[in-house]
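# Secondary and tertiary structure notes
As a plain string of letters, each chain reads:
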Amino acid sequence: VNPESLNAGWSLSGPDEYSTTGTDSQTISVLVIGSYTITWEAVEGYVTPAEEAAVLVEGEILELTATYVEQIGTGTIAVTVNPESLNAGWSLSGPDGYLHSGVDSQTISDLVIGSYTITWETVEGYVTPDEETAILAGGETLTFVSAYIHLVPILSGSFVMGSPEDELGHHVYETQHNVTLTTDFFMSATEVTNKQYANLAQWAFDNGYCNASSSGVTDNLDGSIEELLDLDGSYYEISFSGSTFTVDAGKENYPVREVTWYGSVAYCDWLSLKEGLPRAYNHSDWQCNNHAPYSAQGYRLPTEAEWEYACRA
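Residues numbered from 1 in each chain as written. Predicted model: local features only at pLDDT ≥ 70, side-chain atom pairs only at ≥ 80, totals over all residues. Heavy atoms only, no water.

## Structural notes on the sheet that holds strand β21 (residues 227–230)
How we decide: Think of it this way: DSSP has to see at least two bridges between two strands before they count as a pair. Secondary structure counts use DSSP, requiring at least four H or I residues in a row for a helix and at least two E residues in a row for a strand, with both numbered from the N terminus. For helices, the fitted axis covers only the stretch in contact; all axes are lines through C-alpha atoms, and the angles between them, taken along N-to-C directions, range from 0 to 180 degrees. Only heavy atoms enter the contact rule, under which two residues are in contact if any of them lie within 4.5 Å.
Taking strand neighbours across the sheet as the criterion, the 3 strands line up as β19-β20-β21 in an open arrangement whose pairing is antiparallel. The sheet terminates laterally at β19 (210–213) and β21, the two strands that pair on one side only. Strand-to-strand twist in this sheet, taken as the mean axis angle between neighbours without regard to direction, amounts to 15°. Sheet topology note: the strand β20 (residues 216–219)/β21 ladder contains 3 bridges and is antiparallel. Within β21, the residue paired with Gly216 across the bridge is Asp230. Lying over the sheet, helix α1 (residues 194–206) contacts β19 and β21, oriented at roughly 110° with respect to β19.

## Remarks on the nonpolar core
The test is simple: Only buried Ala, Val, Leu, Ile, Met, Phe, Trp, Tyr and Cys residues count toward a nonpolar core, and they belong to the same one when joined by side-chain atoms within 4.5 Å. Only protein chains enter the area calculation, which uses a 1.4 Å probe; residues under 20% of their type maximum are buried, those over 50% are exposed, and those in between are partly exposed.
Counting 32 residues, the largest nonpolar core has Tyr197, Val217, Ile238, Phe245 and Trp270 as its most contacted members. The set of elements that each furnish at least two residues to this core consists of α1, β19, β21, β22 (238–241), β23 (244–247) and α2 (261–274). Those residues in contact with Phe245 that lie beyond four places of it in its chain are Ala198, Ala201, Gln202, Phe205, Ala212, Val217, Leu231, Ile238, Ser239 and Phe240.

## A few points about helix α3 (residues 304–311)
Listing the buried residues of α3 in full gives Ala305, Glu306, Glu308 and Tyr309. Packed against the buried residues of α3 are β15 (149–154), β16 (157–161), β17 (177–181) and β18 (185–188). Phi for Ala313, located one or two positions after α3, is positive at around 55°.

## A closer look at empty space enclosed by the protein
Take a probe with the size of a water molecule and roll it over the atoms, and the empty space left behind shows itself. Let me state the cut-off plainly: A 1.4 Å probe that fits into a set of points on a 1 Å grid over the protein atoms alone but cannot get out defines a cavity; an open set with protein on both sides within 12 Å along at least five of seven lines defines a pocket, and lining residues are those with an atom within 4 Å of a point. Grid points are joined across faces, edges and corners, and a volume is the space filled by probe spheres set on the points.
This model, assessed by the stated rule, comprises 1 cavity of 30 Å³ or more. Estimated volume of the largest cavity: approximately 120 Å³. For the largest cavity, the full set of lining residues is Val127, Thr128, Pro129, Asp130, Ala147, Ile149, Gln196, Asn199, Leu200, Tyr267, Leu271 and Lys274. Mapped by element, the contributors of at least two residues to the lining of the largest cavity are α1 and α2.

## Concerning the packing of α1 against α2
When two helices pack together, their arrangement is captured by the angle between the axes and the distance separating the axes. Stated formally: Here a crossing is taken to be left-handed if its near helix is turned anticlockwise relative to the far helix by less than a right angle, and right-handed if that turn runs clockwise. Under this grouping Gly is polar, as are all residues other than the nonpolar Ala, Val, Leu, Ile, Met, Phe, Trp, Tyr, Cys and Pro and the charged Asp, Glu, Lys and Arg.
At a minimum axis separation of 10 Å, α1 and α2 run at an interaxial angle of 65°. α2 is crossed by α1, and the crossing has left-handed handedness. Every residue of α2 that contacts α1 at Gln196, Tyr197, Leu200, Ala201, Trp203 and Ala204 is listed here: Gly263, Tyr267, Trp270, Leu271, Leu273 and Lys274. Residues of the contact of α1 with α2, tallied by class, amount to 9 nonpolar, 2 polar and 1 charged.

## Here's the deal with the pairing of β18
Here β18 shows a clear split, with Phe185 and Met187 buried on one side and none of Phe186 and Ser188 buried on the other. In this sheet, β18 lies alongside β15 in antiparallel orientation, the contact comprising 4 bridges. For Val152, the partnering residue across the bridge sits in β18 and is Met187.

## Observations concerning the environment of Asp24
To keep things clear, this is the line we draw: In the analysis that follows, any N or O atom pair within 3.5 Å is treated as a polar contact, provided that within protein one partner can donate a hydrogen and the other can accept it, and provided that, for residues neighboring in sequence, both atoms belong to side chains.
Assignment of secondary structure puts Asp24 in the loop between β2 (18–23) and β3 (34–40). Taking the relative accessible area as the measure of exposure, Asp24 reaches 21% and is therefore partly exposed. For the pair Asp24 and Gly9, spaced 15 residues apart in sequence, the C-alpha separation works out to 6.2 Å. A distance of 3.0 Å separates a polar side-chain atom of Asp24 from the backbone nitrogen of Asn7.

## Considering the packing of aromatic side chains
Selection criterion: Any pair of Phe, Tyr and Trp rings, taking the six-membered ring for Trp, is counted once the centres come within 6.5 Å. Such a pair is stacked with planes under 30 degrees apart, edge-to-face with planes over 60 apart, and tilted for the rest.
Using the criterion set out here, one finds 13 aromatic pairs in the structure. Centre to centre, the rings of Tyr18 and Tyr36 are 5.9 Å apart; their planes meet at 75°, and the pair counts as edge-to-face. Within this pair, whereas Tyr18 is found in strand β2, its partner Tyr36 is found in strand β3, the two being separated by 18 residues in sequence. Under the relative-accessibility criterion, Tyr18 is labelled partly exposed at 23%. When the centroid spacing of 5.2 Å and the interplanar angle of 50° are considered together, the rings of Phe159 and Tyr309 count as tilted.

## Comments concerning unusual backbone geometry
With omega at -5°, the peptide bond leading from Asn2 into Pro3 counts as cis. Locating Pro3 in the fold gives a position in the segment before β1 (9–14). In this structure, Asn7 takes a positive phi of about 60° despite not being glycine. In this fold, Asn7 is placed in the segment before β1. Residues other than glycine seldom take positive phi values, yet Glu258 does so here, at roughly 60°. Considering the arrangement of structural elements, one finds Glu258 in the loop between β23 and α2.

## Observations regarding the pattern of salt bridges
The criterion, for reference: Put simply, a salt bridge is a Lys or Arg side-chain nitrogen that is within 4 Å of an Asp or Glu carboxyl oxygen.
Considering all chains together, one arrives at 8 salt bridges under this definition. The partner of Asp130 in a salt bridge is Lys274, with the nearest N and O atoms 2.6 Å apart. Residue Asp130 is located in the loop between β12 (126–127) and β13 (132–136), and its partner Lys274 is located in helix α2; the two are separated by 144 residues in the primary sequence. Judged by its relative accessible area of 23%, Asp130 is partly exposed. Residue Lys274 is classed as partly exposed on the basis of its relative accessible area of 30%.

Here it is as structure tokens:
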């Protein structure tokens, strides 16, 4: 509990009707693994932190952290919709029954400090971002950034695969050959961003599909422990602390970095799980739909031929 001198209470619930209460910071050992929810006590003069749910994994420590913000003054909320041309709507709710709806990017000033939640509108052809909750502090600006994934149709057809000798980056071992794709498919119009990856990784972590620490994210499906995302490499722009992923300020819409091939596959499977679709990949052997990618129902990476076909337009 922050600040430590606050003497704030809390209530923790978990599997098998587990329930306990406490005051200030505390460590509880020998708990059954599973999903736990913590509710923080209201303290006069402070904004009450939002309820939090997270998954306790065997042999690990789950940290649930409350940061009480003193209720002084007002703040500003900036809503950013990406892509900017989307004309997407959203709904913002906050303290004392506050409710505001808008379209596209917008800045709202002189708001009472406290906990705010934004819900994004569904847009045809896009994957809808998750609902998001954060605390607005006095004199500060809280930014909500949407991360719509735009899927565009790629129609089947024929092309010459491989680079010609005069193409920049050509390698001598490349041989041009005719390839025919017989199946239409959809592909994201942009690279996966830091915000998109962090949001989905948060969902996967909360549901026990991956493990995370300050140094990286590892797989937790089909017995796999492969590294998915390096969080202490030279170029990382996503961080993990306590039980929360954050993105470096201003880097929300940059392409995600330090992600492994396994992390790319996991991202596809997380999208499938979130939307109730069958996973395309088995994480014990990493085969896509048992060697039949074109009939996979869930999200997947493009084949090498599909990628070059789409890239060459």
